[in-house]
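Close look at the chain arrangement
The residues making up each chain are set out below.
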Amino acid sequence: MSTPTTTEQSRLPDPAQFFPELGQIAGAMLKATLNGAIPQTTVNLLQLRAGQIVGSTYHTVRQTGLLRKAGETEERITAVASWQDAPYFTDAERVALELVEAALTPNPSGERVPDELYAKASAHYDDKALWTLTLAISQIFFFIPVALIGKPIPGKPPGKNYTG
């Protein structure tokens, strides 16, 4: 049995050296999702699920770390991958997880986010909260290609997660 190794090198150097405005964009996106309309834990849960769906080690490690730092239990964190039948999530969290899955998963027979799912979401969230969820999903979507192509180093804080 081989010992797992960690890669301590990113594929690409820090994009901020080429695009210094990325920090402002990331900060604005974060500020928008921290408006208090939904719990930060919900944002981290749905962003963890997005990272799992697209196979991004960077995002799954990052969101898991943020959830642990916020005091989330290991049961809730590990059950995100199987949230549909896990007893650890509120109905509102379940809808948020369902929304991110719908947005990321092609639906060959119709809309990705059908009216029924929107109705479930609007039963738990007002308009501002729905926009906050939408922006939280957009935020992780913005950074998914960065993680999958640039391969920042998992477990390293932003600004220290690139080599070169």
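Here's a quick rundown of the structure. What you are looking at is a predicted structure, and each value in this text was computed from that prediction instead of being measured. (Residues numbered from 1 in each chain as written. Predicted model: local features only at pLDDT ≥ 70, side-chain atom pairs only at ≥ 80, totals over all residues. Heavy atoms only, no water.)

**Focus: the overall build of the chain**
The number of helices and strands found in the chain is seven helices and zero strands. Along the chain, helices and strands appear, N-terminal first, in the series α-α-α-α-α-α-α. Taken over C-alpha atoms, the radius of gyration comes to 16 Å for the chain, in line with the 15 Å a tight globule of 164 residues would show. Structurally, the chain occupies a C-alpha span of about 50 × 45 × 35 Å along its principal axes. Sorting the 164 residues of the chain into buried and exposed places 36% on the buried side. A separation threshold of at least 6 residues defines the contact pool for the chain, and within that pool the share at least 24 residues apart is 67%. Between the mean site of the 14 positive side-chain charges and the mean site of the 16 negative ones, the chain shows a separation of 10 Å. (Helix = DSSP H or I, 4+ residues; strand = E, 2+ residues; numbered from the N terminus. Rg over C-alpha atoms; globule rule 2.2 N^0.38 Å. Buried < 20%, exposed > 50% of the residue type's maximum accessible area, 1.4 Å probe, protein only. Contact = heavy atoms within 4.5 Å. Lys, Arg positive; Asp, Glu negative; His and termini not counted. Charge placed at Lys NZ, Arg CZ, Asp CG, Glu CD.)

**A few points about the environment of alanine 96**
Mapped onto the fold, alanine 96 is located in helix H5 (residues 91-104). Sequence separation of alanine 96 and tyrosine 125 is 29 residues, and the distance between their C-alpha atoms is 9.7 Å. Those residues within four positions of alanine 96 in sequence are excluded, and the remaining contacts are Thr42, Leu46, Tyr125 and Leu133.

**Observations regarding the packing of helix H2 (residues 40-54) against helix H7 (residues 127-150)**
For the pair H2 and H7, interaxial distance at closest approach is 10 Å and the crossing angle is 40 degrees. Regarding H2 and H7, the two cross each other, and that crossing is right-handed. Along its contact with H2, which presents Thr42, Val43, Leu46, Gln47, Ala50 and Val54, the element H7 presents Leu133, Ala136, Ile137, Gln139, Ile140, Ile144 and Leu148. Of the residues that constitute the contact of H2 with H7, the class distribution is 10 nonpolar, three polar and no charged. (Axes fitted to C-alpha atoms, helices over the stretch in contact; angles between N-to-C directions. Left-handed = near helix turned anticlockwise from the far one by under 90°. Nonpolar A, V, L, I, M, F, W, Y, C, P; charged D, E, K, R; others polar.)

**Describing the pattern of salt bridges**
A side chain with one charge can pair with a side chain of the opposite charge if their charged atoms come near. Following the criterion strictly, the structure yields six salt bridges and no others. Lysine 156 is paired through a salt bridge with glutamate 8; the nearest N and O atoms lie 3.5 Å apart. With lysine 156 in the segment after H7 and glutamate 8 in the segment before helix H1 (22-33), this pair connects stretches of sequence that are 148 residues apart. Arginine 76 is paired through a salt bridge with glutamate 72; the nearest N and O atoms lie 2.4 Å apart. (Salt bridge = Lys/Arg side-chain N within 4 Å of Asp/Glu carboxyl O.)

Such coordinate-based values are descriptive only and should not be taken to indicate function.
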